[in-house]
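Close look at the chain arrangement
Letter by letter, the chains look like this.
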Amino acid sequence: MLRRWTAAVAAVTLFGTLAACGSDDSAGGEPDGLTMGFAQVGAESGWRTANTKSVREAAQRAGVELKFSDAQQKQENQIKAIRSYVQQRVDVIAFSPVVETGWDTVLLEAQRADIPVILTDRAIDSEDDSLYETFLGSDFVAEGRKAGEWLLQETEGEDSVAVVELEGTTGAAPAIDRHTGFTEAIAGSGVEIIASQTGDFTRSGGKQVMEAFLKAHDDIDVVYAHNDDMGLGAIEAIEAAGLTPGEDIRIITVDAVRDGMQALADGKINFIVECNPLLGDQLMDLAERVVAGEEVPKRVVVEETTFTQEEARQALPDRQY
Ligand code: AHR
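Calculation notes
- Here the residue numbers are simple positions, counted from 1 along each chain's written sequence.
- Totals for whole chains, interfaces and linings use every residue, but because this is a predicted model, local features are given only for residues with pLDDT of at least 70 and side-chain atom pairs only at 80 or more, for both listing and counting.
- Each side-chain value is worked out from all heavy atoms of the structure, with water and hydrogens disregarded.
- Boundary definitions for the domains trace back to an automatic or database domain assignment.
- It only takes one pair of heavy atoms within 4.5 Å for two residues to be counted as in contact.
- By buried area we mean the combined loss of accessible area, with a 1.4 Å probe, across both parts when two parts are placed together.
- By definition, a salt bridge exists where a carboxyl oxygen of Asp or Glu is found within 4 Å of a side-chain nitrogen of Lys or Arg.
- Any N or O atom pair separated by 3.5 Å or less is treated as a polar contact, with the protein-specific requirement of one donor-capable and one acceptor-capable atom, and with residues adjacent in sequence counted only for side-chain atom pairs.
- Throughout this entry, Asp, Glu, Lys and Arg are counted as charged residues, while Ala, Val, Leu, Ile, Met, Phe, Trp, Tyr, Cys and Pro are counted as nonpolar. The remaining residues, Gly among them, count as polar.
- At least two DSSP bridges between two strands are needed for those strands to be called paired.
- Secondary structure is summarised from DSSP: a helix means a run of H or I of at least four residues, a strand means a run of E of at least two, and numbering begins at the N terminus for each.
- Under this scheme, a helix contributes an axis fitted over its contacting stretch, all axes are lines through C-alpha atoms, and angles between N-to-C directions fall in the 0 to 180 degree range.
- Geometric relationships in this document are graded by angle, where less than 35 degrees denotes roughly parallel, more than 145 denotes roughly antiparallel, 65 to 115 denotes roughly perpendicular, and other angles denote oblique.
- Using a 1.4 Å probe on the protein chains alone, a residue whose accessible area is under 20% of its type maximum counts as buried, one over 50% counts as exposed, and one in between counts as partly exposed.

Our focus in this paragraph is the domain arrangement of the chain. Each assigned domain of the chain is listed with its residue range as follows: domain 1 (35-138 + 277-304) and domain 2 (140-275). The straight-line distance from the C-alpha centre of domain 1 to that of domain 2 is 29 Å. Each partner contributes to the interface: domain 1 provides 15 residues, whereas domain 2 provides 20 residues. Of all residues in domain 1, Trp47, Glu100 and Glu304 bury the most surface against domain 2, accounting for 38% of the area lost on that side. Inspection of the region where domain 1 meets domain 2 yields 0 salt bridges. Here domain 1 is connected to domain 2 by 6 residue pairs in polar contact (both at pLDDT 80 or more). Among the residues making up the side of domain 1 that touches domain 2, the classes are represented as 5 nonpolar, 4 polar and 6 charged.

Another aspect to go through is the sheet that holds strand E10 (residues 250-255). Strand order in the open sheet formed by 6 strands is E8-E7-E9-E10-E11-E13, and the pairing between neighbours is mixed. Two strands bound the open sheet, and with one partner strand each, they are strand E8 (191-198) and strand E13 (306-307). Here strand E9 (residues 222-225) runs beside E10; their pairing, made up of 3 bridges, is parallel. Among the inter-strand pairings, tyrosine 224 is bridged to a residue of E10, identified as isoleucine 252.

Moving on, we come to the environment of valine 92. Counting through the fold element by element, valine 92 comes out in strand E4 (residues 92-95). Measuring from C-alpha to C-alpha, the distance between valine 92 and alanine 147 comes to 35 Å, with 55 residues separating the pair along the chain.

Between helix H3 (residues 75-88) and helix H4 (residues 104-112), the shortest axis-to-axis distance is 10 Å and the interhelical angle comes to 10°. Taken as axis vectors, H3 and H4 run roughly parallel relative to one another. Of the residues in H4, those in contact with Ile79, Ile82, Arg83 and Val86 of H3 are Thr105, Val106, Glu109 and Ala110. Taken together, the residues of the contact of H3 with H4 break down into 5 nonpolar, 1 polar and 2 charged.

Take the pattern of salt bridges next. In the structure shown here, the tally under the stated rule is 19 salt bridges. Its salt-bridge partner being glutamate 44, residue arginine 122 comes within 3.8 Å of it at the nearest N-O pair. One end of the pair, arginine 122, is in the loop between strand E5 (117-120) and strand E6 (134-137); the other, glutamate 44, is in the loop between strand E2 (35-40) and helix H2 (46-62), and 78 residues separate them in sequence. Residue glutamate 44 is classed as buried on the basis of its relative accessible area, which comes to 10%. In this structure, arginine 203 and aspartate 259 form a salt bridge, with 3.0 Å as the shortest nitrogen-oxygen distance. Of this pair, arginine 203 sits in helix H7 (residues 203-216) while aspartate 259 is found in helix H9 (residues 258-265), placing the two residues 56 residues apart along the sequence. Residue arginine 203 is classed as partly exposed on the basis of its relative accessible area, which comes to 30%. Each member of the salt-bridge network shares a partner with another, and the members are Glu44, Arg48, Asp121 and Arg122.

If you want it as structure tokens, here you go:
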């Protein structure tokens, strides 16, 4: 049975103003498919840029009219965008939550309006899992674990290993989970996190925090950055301090976007755990099924790998993002 297939005509003009940057990707004329409101986190990283491109292109391929908003990493902007999509009576809302908590009220509004919600990329922390239909995204705890396990192998035989951690956005699922997975993996070993601070998933944030770490600690063996961008910022800070990234200080990151992979191939990063941003096609498929009233799995996990320096050299020529 068709769950929602609204024409979404009149309300669109009434509620066109979104909190941050909003846009409508329909090519003009009558949409031939469903209408999706997509509340994106922002444009904080290479990963996010690739994710946005994937969603936009997949919507076009699927004939989905995409109403897109960029929350500029602010939860209040995402909440306003979701409210606007409810008022516009879109067929489905998809969003990647900036942080894990604080969504129940607005998602209840969507539920009362009978508009299904799909979580993409990041999860929410709520006791009520009826507030969303499905969650499509990576297993961030597993990503953190892979980073920690590689480091344990790499440093086998070393008595103590001092790690500084560049954390993602405070309260965001990937920041919480990548820390959890990493600490689980290194528990009981000689590997120790000596300092941990957020760089907000940005290159400039990673650079700034790393500069402060280098001033405060002269015994840093390893940087564990929750994404490539912060790792790339850390490389700049390490080089500016007269040290050699990848040698004097080993670097582990998460994502495997092109710039990160290039730094890995060049020997400046030592290991990358992949986080796949190409979620667009799966998202459109899930949206169509949810709107059609089909049962979908509550959790869809994205398959991912890891890269050493040699593997990055081999993979780079075919890397899509
Ligand atoms: O939620 C996915 C994370 O968000 C990516 O690892 C990071 O680069 C992005 O900003």
